[in-house]
Amino acid sequence: EEPVDMEAPVKEEPVKEEPVDMEVASQGLSSLAKQQGQEIQNLLADAGPDESISFFGLCEQQPPGGAHAAARRFANLMALHMKAAVDLVQEEPFGDISIAQGPSFTATVLAASGESASEDVAS
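Note that the coordinates shown come from a computational prediction; the quantities given were computed from them, not determined experimentally. (Residues numbered from 1 in each chain as written. Predicted model: local features only at pLDDT ≥ 70, side-chain atom pairs only at ≥ 80, totals over all residues. Heavy atoms only, no water.)

**Q** Where do I start with the environment of Ala 71 in this structure?
**A** Inspection of the secondary structure assignment puts Ala 71 in helix α3 (residues 67-82). On the accessibility criterion, Ala 71 (46% relative accessible area) is partly exposed. As a C-alpha pair, Ala 71 and Cys 59 span twelve residues in sequence and 9.5 Å in three-dimensional space. (Helix = DSSP H or I, 4+ residues; strand = E, 2+ residues; numbered from the N terminus. Buried < 20%, exposed > 50% of the residue type's maximum accessible area, 1.4 Å probe, protein only.)

Take a look at the structure:
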């Protein structure tokens, strides 16, 4: 067997990339984001305004599982946090995240369902 010359330049083969229909891809991600965001909102609504849910528990309960699904849920959670729909507490790096209703939780849930805050007050 011939020794490998570690100093020799590496020949890189061109990677053949398949075209991606970005409109179709973004629709799928957008739909998934809405679904996962709605799951979080439903769980928090059921828990009540003074209770929290576990991010680890959410990832274990809600299919599909795995690292990719957890990463998507985390990104959706961050989007809800940016809207002040949820408050997040993480006691230690890489630890569980407690998710609770944030200041704009009700308005965000109503907006997602197509209702308005004035309709809710009128009832």
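From this point on, the discussion continues.
**Q** Where do I start with unusual backbone geometry in this structure?
**A** For residues besides glycine, phi is generally negative; the peptide bonds are generally trans as well. Phi at Ala 84 takes a positive value of approximately 65 degrees, unusual for a residue other than glycine. Its place among the elements puts Ala 84 in the loop between α3 and β2 (86-90). Note on Ala 84: relative accessible area 29%, which makes it partly exposed. Residue Phe 94 is not a glycine yet carries a positive backbone phi of 65 degrees. Position of Phe 94 relative to the elements: it lies in the loop between β2 and β3 (97-101). Residue Phe 94 is classed as exposed on the basis of its relative accessible area, which comes to 81%.

**Q** I tried to follow the sheet that holds strand β1 (residues 52-54) on my own but got confused; where do I start?
**A** As a general point, the strands of a sheet are linked pairwise by backbone hydrogen bonds and lie either parallel or antiparallel. Across the sheet, three strands lie side by side as β1-β3-β2; this open sheet has antiparallel pairing. Both outer strands of the open sheet, β1 and β2, are each paired with one neighbouring strand and no more. Strand-to-strand twist of the sheet, defined as the mean angle between neighbouring strand axes without regard to direction, takes the value 30 degrees. Direction of pairing for β1 relative to β3: antiparallel, over a ladder of three bridges. Counted as the bridge partner of Ile 53 is Ile 99 from β3. (Pairing = 2+ DSSP bridges. Axes fitted to C-alpha atoms, helices over the stretch in contact; angles between N-to-C directions.)

**Q** Just checking my understanding: could you explain the packing of aromatic side chains for this structure?
**A** All told, the structure shown has one aromatic pair when counted by the stated rule. With 6.0 Å between their ring centres and 75 degrees between their planes, Phe 55 and Phe 74 make a pair best called edge-to-face. Within this pair, whereas Phe 55 is found in helix α2 (residues 55-61), its partner Phe 74 is found in helix α3, the two being separated by 19 residues in sequence. Relative accessible area serves as the criterion here: at 8%, Phe 55 is assigned to the buried category. Overall, the relative accessible area of 35% leaves Phe 74 in the partly exposed class. (Phe/Tyr/Trp six-rings, centres within 6.5 Å; stacked < 30°, edge-to-face > 60°.)

Purely geometric numbers; function is a separate question.
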